[in-house]
Every structure is written in C-alpha cells, then in structure tokens.
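Each chain is listed here by its residues.
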Amino acid sequence: MGVLLCHGFTGSPQSLRPWAEYLAEHGLTVSLPLLPGHGTRWQDMQLTGWQDWYAEVDRALRELLERCTQVFVFGLSMGGALTLRLAAKHGDAIRGIVLVNPANKVHDPLAVALPVAKHFIRSTAGIASDIAKPGSAEVGYDRVPTKAAHSLRKFFQLVDTELPQVTQPVLLLHSPQDHVVPPADSERILARVSSTDVTETLLEQSYHVATLDHDAERIFADSFAFVGRLAESVGREGAASGG
C-alpha cells in the first residue's frame, strides 16, 4: 500500500514529514518528493512553473505504482491541487485522495496583474507558516516569486476545469480559520468533483498548515483510517489489498 504526499507552494516536505512518518510507522510505503524550485532560495523558484511541479509528483506516482498494488495521494494546499490533477489524469490507478486545505484559486485581487507585474516585481510577501500552535513553524520561503505565482494561477484555472474528472473517494479536511486559502476553495472542489464517496472534516483548532498544527494527529489518524477502509473494501471485492 503506497501513499504519495504533495507539499504546498513555497513550502517543503518538512510540512508533511510528521504525517509521512506516521503513515510509514503504520506500515505504508510513503513517497514525499521535494518540488522543483522549493526548499532552497525563493530565487530558484523563479525558474520553475506548474509543469515542473506536476511532473515531479507524476514521476513519484508512477514509481509508487510500480512498487505497490494500491496507491493513495494526499496533498496540502497547492499539493491538494496537484493531487486533484493526478486523480483526474490517472483515474482508477489511484484508490483515493486526501486533501488538507486544498487551494483552487489565487484570491488576491492584484493577481490579474501578474502577467505584467512579474516583469517588474520579482517577489511579494511570503505565505509560509500560518499555524495556530505555539512553537510550531513551517520551513518555507519568506517571499513569493511573482513568476511562480503567475504560473500557479494558471495551474489552478486548469485544475478547476478538470475537477469533474475526479471520481475517486475523497477525504477533505479544512480549517475555518485559514489565512492563506479560504473555505470557498474547499466548497468549490467538493461541488465540482464527480466522487460519490466524499468525507468533509473541519479542523477547528488549526490554521492553514494544519499538518503541523493542533489538529495534526487527527489528520494522521483519519487519513490512515480512510486508507484502511478503502483497502478492506477492495479486499472484500476479491482484489489484491497488499502492497
């Protein structure tokens, strides 16, 4: 049984490492790739776009599919959008998806100016580490590269058109108090996917990076239970449930 974890925009695998470790300790095969342009300096991200980020998670998924009989994909924020596109493109090869505060749109009213602004303004204020829990911090860039933000906006628009192609079981967990991604994004995703097995959970004690926040253990336990439930249903149908 394999799980691919997708981290968020300007973040790094650090935001998902406790989740990955929990799943691995419970016997799952886990992949947590670093997206191109992330985890170094924000200037490096200027040279990348959504095609690079998606190509990396697509590569990691294909690698997991070679090793495991069943594969799930989990994502945080932009990682949720990457997860949704993988689900739309790979269909039944993905058994189910888990989304934590998934992003669907760049809501800044100035975003419409990005096609021009990216040539004059190299970066804007960072979005990392929106966490309620004292002492918990996300490793992420303190600046958002405008070229990358423009690419992100185009990616969200693309994924939005592909949401009806998502048919897998979905567990979506989101924070009412999220200062990066509003609840409207989760609402739109749930309204547009074609999945019939859908669970929505509110993370009342956490902000955006909920995987490092007060509700982290709940996310870990609920996602593992989600995997277990779906794996058991496959087993009852006579399909392979190992891996």
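Throughout this document, residue positions are counted from 1 along each chain, in the order its sequence is written. Local features in a predicted model are, by the rule used here, given only for residues with pLDDT of at least 70; side-chain atom pairs are given and counted only at 80 or more, and totals for whole chains, interfaces and linings are based on all residues. As a convention, hydrogens and water are excluded, and side-chain values are obtained from all of the structure's heavy atoms.

Draft legend 1. A look at the sheet that holds strand 3 (residues 71–76). Taken in spatial order, the 6 strands line up as 2-1-3-4-7-8 in an open sheet, and their pairing is parallel. Two strands in the sheet have a free side with no partner beyond their single neighbour: strand 2 (29–31) and strand 8 (198–202). Recorded for the sheet is a direction-independent mean angle of 15 degrees between the axes of neighbouring strands. Across 3 bridges, strand 1 (residues 2–6) lies against strand 2 in parallel orientation. Each residue of the ladder has a partner; that of L4, found in strand 2, is S31. Throughout, a contact is declared for two residues whenever any of their heavy atoms are within 4.5 Å. For helices, the fitted line uses only the C-alpha atoms of the stretch in contact; every axis is such a line through C-alpha atoms, and the angle between N-to-C directions lies from 0 to 180 degrees. The way it works is that DSSP assigns letters per residue, a run of H or I at least four long becomes a helix, a run of E at least two long becomes a strand, and they are numbered from the N terminus. Of the strands in this sheet, strand 1, strand 2, strand 3 and strand 4 (96–100) are in contact with helix 1 (residues 17–25), which crosses strand 1 at around 175 degrees. Strand pairing is defined by DSSP finding a minimum of two bridges between the two strands.

Draft legend 2. Seen up close, the side chain of D58. In this fold, D58 is placed in helix 3 (residues 50–67). Any residue under 20% of the maximum accessible area for its type is buried, any over 50% is exposed, and the rest in between are partly exposed; the area is computed with a 1.4 Å probe on protein chains only. On the basis of relative accessible area, D58 is assigned to the buried category, the value being 12%.

Draft legend 3. View of the nonpolar core. To form a nonpolar core, buried Ala, Val, Leu, Ile, Met, Phe, Trp, Tyr and Cys residues must be joined to one another through side-chain atoms within 4.5 Å. Within the largest apolar cluster, 42 residues are counted, with the highest numbers of intra-cluster contacts made by L4, F9, W53, L82, L84, L86 and I97. Mapped onto this core, the elements with two or more residues apiece are strand 1, helix 2 (42–45), helix 3, strand 3, helix 4 (78–90), strand 4, helix 6 (146–162) and strand 7 (170–174). Non-local contacts of F9, meaning those with residues more than four positions away in its chain, are made with H38, M45, W53, M78, I127, V144, A148, A149 and L152. If you look at the next biggest cluster of nonpolar residues, it comprises 28 residues, including L5, F74, F220 and A231.

Draft legend 4. Seen up close, the packing of aromatic side chains. Ring pairs shown here join Phe, Tyr and Trp side chains whose ring centres sit within 6.5 Å, with only the six-membered ring taken for Trp; geometry is labelled stacked below 30 degrees between planes, edge-to-face above 60, and tilted in between. One pass over the structure, following the stated rule, counts 7 aromatic pairs. With 6.2 Å between their ring centres and 70 degrees between their planes, F72 and F226 make a pair best called edge-to-face. Taken as a pair, F72 in strand 3 and F226 in helix 8 (residues 216–236) lie far apart in primary sequence, 154 residues in all. Comparing F72 with F226 shows no difference in burial state: the two are buried. Aromatic ring contacts, followed pair by pair, group W19, Y22, F74, F220 and F224 into a single cluster. The rule for a charge over a ring is simple: NZ of Lys or CZ of Arg within 6 Å of the ring centre, and within 35 degrees of the ring normal. The ring centre of Y54 lies 4.8 Å from the NZ or CZ of R85, which sits over that ring.

Draft legend 5. Geometry of the packing of helix 3 against helix 4. Between helix 3 and helix 4, the least distance of the axes is 10 Å, while the angle of their chain directions is 60 degrees. The orientation of helix 3 with respect to helix 4, classified from their angle, is oblique. The hand of the helix 3/helix 4 crossing is right-handed. Counting all contacts with helix 3, which are made through W50, W53, Y54, V57, D58, L61 and R62, the residues of helix 4 involved are M78, L82, R85, L86, K89 and H90. Roughly parallel here means an angle under 35 degrees, roughly antiparallel means over 145, roughly perpendicular means 65 to 115, and every remaining angle is called oblique. The hand of a helix crossing depends on one turn: near helix anticlockwise from the far one by less than a right angle means left-handed, and clockwise means right-handed.

Draft legend 6. Quick peek at the packing of helix 4 against helix 6. It is the contact of helix 4 with helix 6, at a shortest axis distance of 10 Å, that shows an interaxial angle of 40 degrees. Between helix 4 and helix 6, the interaxial angle falls into the category oblique. At the point where helix 4 passes helix 6, the crossing takes the left-handed sense. Here M78, A81, L82, L84, R85, A88 and K89 of helix 4 lie close against helix 6, whose contacting residues are L152, F155, F156, L158, V159 and E162.

Draft legend 7. Region of interest: the pattern of salt bridges. Every case where a carboxyl oxygen of Asp or Glu lies within 4 Å of a side-chain nitrogen of Lys or Arg is listed as a salt bridge. Inspection of the entire model under this criterion finds 10 salt bridges. Residue D58 pairs with R62 through a salt bridge whose shortest N-O separation is 2.7 Å. Separated by 4 residues within a single helix, D58 and R62 lie in helix 3, roughly one turn from each other. On the basis of relative accessibility, which here comes to 46%, the residue R62 falls in the partly exposed class. Through salt bridges with shared partners, one network takes in E56, R59 and E63.

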